[in-house]
Amino acid sequence: MKSNEQAAGGAGSLRGVLASDLPASLVVFLVALPLCMGIALASGAPIMSGLIAGVVGGLVVGMFGGVPLLVSGPAAGLAVMVFGFIQDLGFATTCAAVAAAGLIQMALGGMKVARAALGISPAVIHGMLAGIGILIVLGQLHIVLGGAPQSNAWANLRELPEQIADLHGPATILGLITIGILVVWQVMPNSRLKKVPGPLVAVLGASVAAAVWGGDVKRVELTGSLFQSIQLPSLPQGNWGAFAVAVFSLALVASAESLLSAVATDKLHTGPRANLDKELFAQGMANTLSGLLGGLPITGVIVRSAANIAAGAKTRASAFMHGVWMLLFVSLLGSYLGLVPLTVLAGLLVHVGVKLVNMHHIQELRRRGELSVYLVTVFGVVGINLLAGIALGFGVAVARLLWRLGRVHVQVRQEGAVHQVRVGGALTFVGVPKLSAALAEVPTGAQVELDLAVEMLDHSGYEALESWCQNHRKTGGKVWMEPLEEVWSRKGAAASTLSVAAVPSSPTLSSEGA
């Protein structure tokens, strides 16, 4: 720990900050600025609320976080959830829920339970993000085409053909230009030009095209300056059940996304390692402050963090300074944001949503046999709602784990006067009934060769075998087998290994896109 602090201190000298963290902070700022506005648009919230969250995430988490190179701010992964809460509770009450969720995160960080969030199956996390990506695409396509998004995924899908048939020329062209620039920027060979962030090029280029063209399109509406836009939260007027659901949902999902992004960020550099409990506490501080100021919920975001590391950041100064640049720009030059057409931000979000459906993750999950968990989560998120999708995915993950734990194979066959019994697979409490039924076929007093080729053995399986062997010998039978104590010492610990492997920790959220 001491060596890490010394390394961080050395890298954090003024000369080091100017040489590495200052340029990196400018890159992150240019990436984050359009995304903060776009995520606010997708959330159905005032545009300034996304910028407030960007400033708070940079300053608070950048100063107090436990992951030096992680960048925090509003994330696309929460946009759909926040949109639903705003529709049900109103914006001011949703801000109160964000602040309360931050208090829960601070409590969890103080209790040092951050690593518990890493037990969530990656298939559920990736399925959740893919479902959110599909919802974002379905909703924002209507804005790109010049219309307005509908209330749910099915309505958006049903109205899409009509929207395509009734295109709004300037809005559609500008939205498609934005998407086109982002796609070209992504596949363009590495060059000095590509060091300029793609989202900035797309938004700036399409906005300039709109200004030159003079097309009649809706633009970003800012009701005032940053400080004039601060809106105090309000408690619900009677709808406390929905408010409680919003609070705990935001706390759970934001914590999981931040911690998994922190672990993924750790894999991208060789500097000081993550302190997850400290990071969770800092995320809670940021969300509490953001909610009190009228901002969106905040999480750690892997793509901004990856851009930070790729740009040469060495310390947390980069994340903090990106918040400073955000604050200065919005305070001094915020009026220029009103020149950005909404369809341009929608085009940016369509690209972000598509990236959330990551084909590499799908192939990896299919190879591991977890594709069913992923698909159930996706369909649950898209077809019902976010929480239902997570619950369904988690349920399938648990059912799959129980199925693996109960997958015991018992073969009984007679060779002359000897009955040969072979037990394979996972002999746990779930498979004991199947084992007992197979052993019941062995006649009383028979000679038995018992071959234990099990991958794992828990206490229930151990006792079932020991009890049957004792009873069989008491009734005149003979049993030849490897001593159970040796099998137990060799295989007993594997049960806990499987339970962890079935719900792997530390997935890499490379598809965040925000």
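Residues numbered from 1 in each chain as written. Predicted model: local features only at pLDDT ≥ 70, side-chain atom pairs only at ≥ 80, totals over all residues. Heavy atoms only, no water.

Undergrad: What is the right way to look at the packing of helix α6 (residues 122–144) against helix α14 (residues 342–356) in this model?
TA: Packed helices, taken two at a time, are described by their axes: the angle between them and the distance between them. The geometry of α6 relative to α14 is characterised by a closest axis approach of 8 Å and an angle of 155° between their N-to-C directions. By the angle class used here, α6 and α14 are roughly antiparallel. In the crossing of α6 with α14, the sense of the turn from one axis to the other is left-handed. Where α6 abuts α14, its residues Leu129, Ala130, Ile132, Gly133, Ile136, Val137, Gln140, Leu141, Ile143 and Val144 lie against Leu342, Thr343, Ala346, Gly347, Leu349, Val350, Gly353, Val354 and Leu356. (Axes fitted to C-alpha atoms, helices over the stretch in contact; angles between N-to-C directions. Helix = DSSP H or I, 4+ residues; strand = E, 2+ residues; numbered from the N terminus. Parallel < 35°, antiparallel > 145°, perpendicular 65-115°, else oblique. Left-handed = near helix turned anticlockwise from the far one by under 90°. Contact = heavy atoms within 4.5 Å.)

Undergrad: Even after reading the chapter, I still don't get helix α9 (residues 198–213), so can you show me in this structure?
TA: Quick reminder: α-helices carry 3.6 residues per turn. Residues three or four places apart thus point the same way. With 16 residues, α9 extends 22 Å from end C-alpha to end C-alpha; this agrees with the ideal 22 Å at 1.5 Å per step. Looking only at α9, the buried set comprises Gly198, Pro199, Ala202, Val203, Ala206, Ser207 and Ala210. Down the axis of α9, the buried side of the element spans an arc of 150°, and every buried residue falls inside it. Of the exposed residues in α9, the ones pointing more than 90 degrees away from its buried face are Leu204, Ala211 and Val212. (Expected span 1.5 Å × (residues − 1). Buried < 20%, exposed > 50% of the residue type's maximum accessible area, 1.4 Å probe, protein only. Arc of directions from axis to C-beta.)

Undergrad: I keep staring at the sheet that holds strand β3 (residues 408–415) and nothing clicks. Help me out?
TA: The pairing of strands in a sheet happens through backbone hydrogen bonds and is either parallel or antiparallel. Spatially, β3-β4-β5-β6 is the arrangement adopted by the four strands of the open sheet, whose pairing is mixed. Sheet topology places β3 and β6 (478–481) at the edges, where each strand pairs with a single neighbour. Strand-to-strand twist of the sheet, defined as the mean angle between neighbouring strand axes without regard to direction, takes the value 20°. Of the strand pairs in this sheet, β3 and strand β4 (residues 418–427) are connected by eight bridges, and their pairing is antiparallel. Looking at β4, one finds that Gln414 is bridged to His419. Docked against the sheet, helix α18 (residues 432–439) engages β3 and β4, running at close to 10° with respect to β3. The sheet contacts of helix α19 (residues 459–474) involve β4, β5 (447–457) and β6, and relative to β5 the element is tilted by about 175°. (Pairing = 2+ DSSP bridges.)

Just geometry here; none of it tells us what the structure is for.
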